[in-house]
Amino acid sequence: MKKISYLLTSILIVIGISSCKDAFIEKPAVTGLSVDEVFSSAKNAEGAISLAYSYILSSGLPIYSWTPPYLPYEATEAIMGGEDVDSSWGYMKENLVSSGMTATDSYNNGAGLSDDYFPYNYKYIRHAFLVIENIDKVPDMTLAEKEIVKGEMKGLIAFRYLEMMKRYGGVPLVKKTLTMVESAPRATVQETLDYILELCEQSAVALDNVVWSNDWMGRLTKGVPLAIKAEALMYAARPLFNSDEPYLPYGVNNDKICLCEYKESRWNDAIKANLDVLKWGKENGYEIIDTDNPFEDFGTAVGVPCNKEILLAYKHQAVGQGPSGIYKNYCPNPLYIRSNGGTALCEYRGMSYEMLLNFKKADGSEQVWAGTEERPYQEYYDKVHEMEPRFKASVFAYGINPWNNEGNDKWSITNESSWLKANKNKQGCARNIKFWYNTGNREWFEFPIYRMAEFYLNLAEAYNEIGHSTEALANLNVIRNRAGLPDETVTDYKLLQTSIRREWAVEFYNENQYYPHARHWKEGETMIAGTKHIFTFKFAGSLTDARVPEDFISYRLDEAAQKYVWLKKMYLSPITLAEVNKGYIEQNPGY
Amino acid sequence: MLLGKRRYLIILLRNCAFFKDRLSITADLFKENRNNILTTLETVPGIVGADVSVLPPVNVGKMSNKGYELSILWRDNISDFNYQISGQVSYARNKIDYMAEAPYEYVWMNKTGFSYGQYKAYVNDGFYNSEEEAANHPYNSVDGNHVQAGDLRIIDINGDGIIDNKDVTPTGFSNIPRYAFSANVFLEYKGFEISALFTGSAQGTFSMGGYMISPFAQNKSNALEYMYEGRWTPENYASGKKITYPRMSLNTSGTQNGATNSFWFRSTDHVKLKNLEVAYTFRKLGFLSRLKMSSLRLYFNSNNLFTFGGKDLIEGIDPELSQDDKTTEGIIYPITRVFNFGFKIQF
């Protein structure tokens, strides 16, 4: 080896500029369907149209149970509002009810603990705008058909903005597909409301006289934008937005969370819009089902797909019913789901005692349940049988064959492989099965988004707020009559308001109304917060679960696992933290 | 797309030999700036409606790295005794200069401006040692403000009276240590050899989580010894025993004692006797040469013989462990010591 000693005592400074070969780090070519391909024929465009429905109408629904960032792990709006309580493991939903909503991005893939993932609203709205902007390219659709599609899309967009308004207040108004360099500032509540109403107008005009064939049942009819308008005006009139001061002070941004001026006339606007929907419904075959058979009528209205009371439903049957979130969360008897693997989340859920107290006996009087001492199971059995028809059509009571699926072996408590049983884990007072009436072998269901009953209760509420107790009672009693209860007669404002709100809770149990109502009536403390209670059952011998009455010994009132907290900031949801960090939108106060 | 890189390298000494080739030194200083790194844009407003997964990544990222390397080798012999000692140390510290990150409210919450992989956690300062102390806590938004005696005390960094994600600050370093050093010793005397390799690192951190911190995992398992022995109880605290675990709970991960607390981020500073080999080579074979053997070497070899340091980690965790999904979940194989015996025969 050469003995060259190069004694380097000087300092060498080497500047090297090196570059990599371009080929390694070029971004890959984007492949997939382009806009032109999708809109090259009517058949292809149908895919885009139905995707718009599936995207937009999914608001507030747990369509995926474990894939973030939709609703937090295993939470539903019914759980958030305290209608149902859940005893299974799910740290996100536990934190959600016991700590309240938060905007931190350490939960749920950055979505935080909230009832919605803010950016996806705009992803879905963008898709609808894409359809509007490109439907003209389709060669084999008539001009009239294209106008109808645009009307549908506008109605859907209005729906999604309304859902956002209910959750966030004023939101940025995106009125077309944006490019990456465009943005929109956060609009005020009033501007958001106006835009929703504008879209509804345009949609209603485009959908005038549209009647779909049976193949297309479920697409928007004119009634839907009218319904959206009615709902929007109701929320504009309700106390959260319709006040001089917002629920939390927000300085110059007050108008983004509040209409900043109380006007009683907002109730009048709402009344007019609701009357319009009912009138249109009557003329077009959408009516509340009332054949003097309360149990069958209510059961059909909520549990049979495509009935005449449903104006709009979520019809997307997700791929693979087994793991799909919407089944896991709403079908407590997943014989078919179980066989496909996975667990049904709703097995561990049940009605809270606080919600149970809203239901009356069939004769209209109050039911009295046991106290904290052990009472014989027979008492529970008898009391359940005394309950009103809507109770029997909505829930499965432990140890009692569900009334709404008589004679169906899949829904029988004696069937060993059904999940109609009480389990040693605490499970509420009874379990929601209202979407499954005379199910037969049907494995799917459709979540009702607008049902004609809603507008009667809207009217009752609005009339009462402006002091017209007669009209309020008239509308309230339409619902009560259908449900088989005697008429309400109180005319005092406060008493009638309580009665109407109670009717809302019962009629729309688990239909995503209770939670927004609690927020917009500013009743978070009374309707949501506090310790929830359930019934705990004692089983015979060493059984760990019970099906038939003989398996049960006793029941008692018990505390549920989670104590619900209500913080003032929760009247509106937090905007996703990542979006606030980007600097174009202000967070809601308190987060 | 061009990946730009600008590197300033100062070579102080490169394989310089001194003292008649017995001492050899290499020393480098470097500073490197890299730009045009392919980055996912996280600054596009969500209202554009395009999912981050759909937008193509763009070459806007920037990162810088600086450090030094020093290596020394001394080789000599005293008549029949040969020896060689060498040592190396390297230091590298990187920093993310730009990554299209939407900035948080407080600087310490960002990833930009810190090392790649820098850990962040709630700052822990001892325990709440009594109910009175526990009653005086800032509102804790993790786990519904449930705080008891025996819980980890968390400091409210931004002073707003609430413990939430704004109080998560950089803790420790990243899992890849900044300092790496090693030393090699080789001694040989008349066929008898000892060779040892020491390795070590400093300024690295490991985050304990999952099964490491939650006892009775999946309702089937047991509690780890350090949890059982060192858990906080009023008696243990009163007797002055060293507390190594907050109050025992089935649900540690879900409470405010969960994994995002600086208590669980442990230093991986260590020095290991990584490899030790003792061997003897027979030169004079005597009767064995009748078997036509020209040499016979017997050796004993071991890996991971001793580890000094890593005392913050639970005994058995290898300080060199890399942090990935499995190890974060707590699925860790303890450090293994390997012993080999062998021989080498040359014919």
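Residues numbered from 1 in each chain as written. Chains lettered and ligands numbered in written order. Predicted model: local features only at pLDDT ≥ 70, side-chain atom pairs only at ≥ 80, totals over all residues. Heavy atoms only, no water.

K.L.:
How should the overall build of chain A be read in this particular structure?
P.N.:
Per the secondary structure count, chain A includes 21 helices and twelve strands. Here chain A holds 591 residues, and the buried ones make up 61% of them. Of the contacts formed within chain A by residues at least 6 apart in sequence, a portion of 71% connects residues at least 24 apart. (Helix = DSSP H or I, 4+ residues; strand = E, 2+ residues; numbered from the N terminus. Buried < 20%, exposed > 50% of the residue type's maximum accessible area, 1.4 Å probe, protein only. Contact = heavy atoms within 4.5 Å.)

K.L.:
Honestly, the overall build of chain B in this entry has me stumped. Any pointers?
P.N.:
Scanning chain B from terminus to terminus reveals four helices and 17 strands. Relative to its length of 347 residues, chain B is extended, with a C-alpha radius of gyration of 27 Å against a globular reference of 20 Å. Referenced to the eigenvectors of the C-alpha coordinate spread, the extents of chain B come out at roughly 80 × 60 × 40 Å. Expressed as a percentage of the 347 residues in chain B, the buried residues total 42%. For chain B, the proportion of contacts with a sequence separation of at least 24, taken over those separated by at least 6, is 65%. (Rg over C-alpha atoms; globule rule 2.2 N^0.38 Å.)

K.L.:
Help me out: how do you make sense of the confidence of the model for chain A in this one?
P.N.:
One rule of thumb: low pLDDT means the predicted coordinates there are not for detailed reading. For chain A, per-residue confidence averages 87 on the pLDDT scale, and residues scoring 70 or more make up 90% of the total. Segment residues 1–5 of chain A: pLDDT under 50, and one contact once partners within four positions in sequence are set aside and those in other chains are kept. (pLDDT = per-residue confidence, 0-100.)

K.L.:
Is there a simple way to think about the side chain of N165(B) in this case?
P.N.:
Within the secondary structure, N165(B) is located in the loop between strand 9 (162–163) and strand 10 (168–170). Judged by relative accessible area, which is 15%, N165(B) ranks as buried. In contact with N165(B), not counting residues within four places along its chain, are T104(A), D105(A), L577(A), M109(B) and Y122(B).

K.L.:
Got a minute to help me understand the pairing of strand 9 (residues 447–451) of chain A in this structure?
P.N.:
Working note: regular strand, side chains alternate between the two faces of the sheet. Residues and elements named next belong to chain A. Of all the five residues making up strand 9, five are buried; the element is thus mostly covered by neighbouring parts of the structure. Note that strand 3 (residues 310–314) and strand 9 share four bridges and pair antiparallel. Paired with Y314 across the bridge in strand 9 is F447. (Pairing = 2+ DSSP bridges.)

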